[in-house]
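# Survey of secondary and tertiary structure
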Amino acid sequence: MFPYFIMLIFCGIPLFFMELSFGQFASQGCLGVWRISPMFKGVGYGMMVVSTYIGIYYNVVICIAFYYFFSSMTHVLPWAYCNNPWNTRDCAGVLDASNLTNGSRPATLPSNLSHLLNHSLQRTSPSEEYWRLYVLKLSDDIGNFGEVRLPLLGCLGVSWVVVFLCLIRGVKSSGKVVYFTATFPYVVLTILFVRGVTLEGAFTGIMYYLTPQWDKILEAKVWGDAASQIFYSLGCAWGGLITMASYNKFHNNCYRDSVIISITNCATSVYAGFVIFSILGFMASHLGVDVSRVADHGPGLAFVAYPEALTLLPISPLWSLLFFFMLILLGLGTQFCLLETLVTAIVDEVGNEWILQKKTYVTLGVAVAGFLLGIPLTSQAGIYWLLLMDNYAASFSLVVISCIMCVAIMYIYGHRNYFQDIQMMLGFPPPLFFQICWRFVSPAIIFLQAQVHRRLPQNPLHFGSLPERNVLLHQLPQRGGVTKHDPPAPPSPARTYKPQVRALEVPRARRQRSPSPAPLGPPSSKPHPCSAAGPLSWDCPVQNRHSLARSSARLLANSYAAGPEARQWEPAP
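Residues numbered from 1 in each chain as written. Predicted model: local features only at pLDDT ≥ 70, side-chain atom pairs only at ≥ 80, totals over all residues. Heavy atoms only, no water.

## Details of the nonpolar core
- Tyr68, Trp131, Phe323, Tyr418 and Trp438 are the most contacted members of the largest nonpolar core, which totals 157 residues.
- Looking at which element gives the most residues to this core, the answer is helix α2 (residues 41-71), with 18 residues. (Core = buried A, V, L, I, M, F, W, Y, C linked by side-chain atoms within 4.5 Å. Buried < 20%, exposed > 50% of the residue type's maximum accessible area, 1.4 Å probe, protein only. Helix = DSSP H or I, 4+ residues; strand = E, 2+ residues; numbered from the N terminus.)

What follows is the structure, encoded as structure tokens:
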């Protein structure tokens, strides 16, 4: 946690305060604020592009959570046993009587579960097969889209309808909804925490979560992961912070808000870690294996490992309903901010009287476009494209946007001008710590992290852990018998999923935007309904077992040794 807190103090909180004060002073969205320096308006467009990408695939994650929520409305969870039509002979659940074959509901638990878990290359859990073979019906290649999964498509439509209805009146309606979406997850987390810490083995899981690995403190990837988690959890460089702060009263104390929200967000992340690892500790104790064997990342944690752990609890459908309902609320809070960022930017950019009066139609148009663009992600190959977008669309770009924004405000617009603007707005200049961070520390750390990130080994992106179902998303053969991995953009560091809950301030009276943007100066006030939310930043870990890259490298090497004609081999599309 040490790198996480360092990044929070020297990058997270300063950048959060900068974006809040920037948007509050200008009372414009992520495009309008750059009238301070029109040559940097491309930064605003970059924020819009990032929010567009995330808004498209993030609602697909919400729709999967909806699907699991509806599937939990049963007496027995469908991923608890291996006696379903979609299960294979390799399925072996912790509640099944048979290790490697399908079986019926057992009267007693198997006696040698640790031996079962040690054969991880042959064993697949019922929750993993439910995720792959039933929910996704996963295809064998990123180019093989297969059919659109109609249940997921229906859930995607439900999620977009919910988002639109909550934003039908802009921040005036969403500000009321977030009272519930921002507070109720704390209730669910507390219920799951109380239940988790009372289980056998919970202390082991919590100690695994709290024990630092000091031998990795100097690894560049660890610091990159910490920076990535901070950017995603606080929502920096997305444009959402600027957009939502533009609805604040002009003299609102955004300095106080930024410190409280950032610390509350960090504390919630830590608290959620206790909830997750207490349950995983119980699962590890039940199976007789180490916690590291059951801990997973990203979708593997949200839709495979944690649901499997829930099957071991009494009244498991109840806990599953609570867990996925919490994920839905967290996702909707983030989606509100993403959609409002796009709508506000469009309305501010056009700026005429008609679009100000027809903002509801703009919201509807953005929602319909997001639904249509999300349909390919509900196909059998959709999870591959979702993974690509999550890794490449909004990872390294956030670092670039943040660095340029700091330089533009501090050195182009001028740090003295900006400090005077804050003093006029708040009644006091920014503290010395923030002045130093904005001018020197934060840009230097961001630039250094970007340079280190570029020099990290770029591994090919995989989905899945089973060799026969591994899909190498990027692999280009190179002449001479070696395999070259050439992704279109540097992949983001692996981000461990932790539910993020934002603290939101009480909405204030809304002001009407003027038809044409006013000069940068003291505007009239608007309410601040919510803060920008980071997504469920998750990533699929790269698995090295039976890597397809090694197989392809050996194939190319053999072809090279066979002669010039064999070297004309090209991979099948």
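Text resumes after the structure shown.
## Remarks on the side chain of His415
- One can find His415 in helix α17 (residues 396-426).
- Note on His415: relative accessible area 13%, which makes it buried.
- Residues in contact with His415, not counting those within four places in the same chain, are Ile409, Met410 and Arg439. (Contact = heavy atoms within 4.5 Å.)

## Regarding the environment of Val61
- Residue position: Val61 is located in helix α2.
- On the accessibility criterion, Val61 (4% relative accessible area) is buried.

## Some words on a nonpolar patch on the surface
- On the surface, Val407, Tyr411, Ile412, Leu432, Ile436 and Phe440 cluster together to form a nonpolar patch covering roughly 560 Å² of accessible area.
- Positionally, Ile436 belongs in helix α18 (residues 432-455). (Patch = residues over 30% accessible without salt bridge, like charges linked within 9 Å, V, L, I, M, F, W, Y side chains within 5 Å. Areas by Shrake-Rupley, 256 points an atom, 1.4 Å probe, with all protein chains shown as cover. Salt bridge = Lys/Arg side-chain N within 4 Å of Asp/Glu carboxyl O.)

## Overview of the UniProt feature "binding site: Na(+)" (unreviewed entry) in the protein
- Within this structure's numbering, the places UniProt gives as "binding site: Na(+)" (unreviewed entry) are Ser233, Asn265 and Leu330. Spanning 98 residues, the named residues nonetheless gather at one spot, since no C-alpha pair among them exceeds 12.5 Å.
- Position of Asn265 relative to the elements: it lies in helix α10 (residues 254-287).
- Note on placement: Leu330 falls in helix α13 (residues 316-350). (UniProt positions renumbered as here; feature names shortened; annotations may be inferred.)

## As for the state of the cysteines
- According to the stated counting rule, one finds 1 disulfide in the structure shown.
- Note on cysteine connectivity: Cys82 is disulfide-linked to Cys91, with sulfurs 1.9 Å apart. Because the torsion about its S-S bond is -70 degrees, the bridge between Cys82 and Cys91 counts as left-handed.
- The class of Cys91 is buried, set by a relative accessible area of 0%.
- Counting only cysteine sulfurs, Cys11 is the nearest neighbor of Cys437, a cysteine outside any disulfide, at a range of 7.9 Å. (Disulfide = S-S within 2.5 Å.)

## Let's talk about helix α7 (residues 202-210)
- Of the positions making up α7, those classed as buried are Ala202, Gly205, Ile206 and Tyr209. Angularly, the buried residues of α7 cover 100 degrees about the axis, an arc narrow enough to put them on a single face.
- Elements in contact with the buried residues of α7: α6 (171-197), α10 and α11 (291-294). (Arc of directions from axis to C-beta.)

## Concerning the confidence of the model for the protein
- Mean pLDDT over the protein works out to 78, with 75% of the residues at or above the 70 mark.
- When the criterion is pLDDT under 50, residues 97-121 qualifies, and its contacts beyond four places in sequence or with other chains add up to 54 contacts. (pLDDT = per-residue confidence, 0-100.)

## Structural notes on the environment of Ser174
- Structurally, Ser174 can be placed in helix α6.
- Residue class for Ser174 comes out buried when judged on its relative accessible area of 2%.
- When the C-alpha atoms of Ser174 and Val163 are compared, they prove to be 9.1 Å apart, with 11 residues separating the residues in sequence.

## Topic: the pattern of salt bridges
- Scanning the model with the defined rule gives 4 salt bridges in all.
- Between Glu349 and Lys41 there is a salt bridge, with the nearest N and O atoms lying 2.9 Å from each other. Placement of the pair is Glu349 in helix α13 and Lys41 in helix α2, with a sequence separation of 308 residues.
- The class for Lys41 is partly exposed, based on a relative accessible area of 25%.

## Looking at unusual backbone geometry
- With a phi angle near 50 degrees, Lys137 is a residue other than glycine that sits in the positive phi range.
- Summarising the element assignment, Lys137 is placed in the loop between α4 (126-136) and α5 (150-166).
- What makes Lys137 partly exposed here is its relative accessible area of 33%.
- Backbone geometry places Ile315, a non-glycine residue, at a positive phi of 55 degrees.
- Relative to the elements of secondary structure, Ile315 occurs in the loop between α12 (298-310) and α13.

## Topic: the packing of α5 against α13
- At their nearest, the axes of α5 and α13 sit 10 Å apart, and the two run at 65 degrees to each other. Where α5 crosses over α13, the two elements pack in a sense that is right-handed. Here Trp160, Val162, Val163 and Cys166 of α5 lie close against α13, whose contacting residues are Leu332, Gln335, Phe336 and Leu339.
- The residue makeup of the contact of α5 with α13, split by class, is 7 nonpolar, 1 polar and no charged. (Axes fitted to C-alpha atoms, helices over the stretch in contact; angles between N-to-C directions. Left-handed = near helix turned anticlockwise from the far one by under 90°. Nonpolar A, V, L, I, M, F, W, Y, C, P; charged D, E, K, R; others polar.)

## Description of the packing of aromatic side chains
- Tallied over the entire structure, the rule returns 40 aromatic pairs.
- On the basis of an interplanar angle of 85 degrees and a centroid distance of 5.6 Å, the ring pair of Tyr68 and Tyr130 is categorised as edge-to-face. Separated by 62 residues along the polypeptide, Tyr68 in helix α2 and Tyr130 in helix α4 bring together distant segments of the chain. Summarising the burial analysis for this pair, Tyr68 and Tyr130 share the class buried. (Phe/Tyr/Trp six-rings, centres within 6.5 Å; stacked < 30°, edge-to-face > 60°.)

## Re the environment of Asn84
- Relative to the assigned elements, Asn84 resides in the loop between α2 and α3 (113-118).
- Taking the C-alpha atoms as reference, Asn84 lies 10.0 Å from Glu129; in sequence the two are 45 residues apart.
- There is a polar contact of 3.2 Å between the side chain of Asn84 and the backbone oxygen of Pro78. (Polar contact = N/O pair within 3.5 Å; in protein donor to acceptor, adjacent residues only side chain to side chain.)

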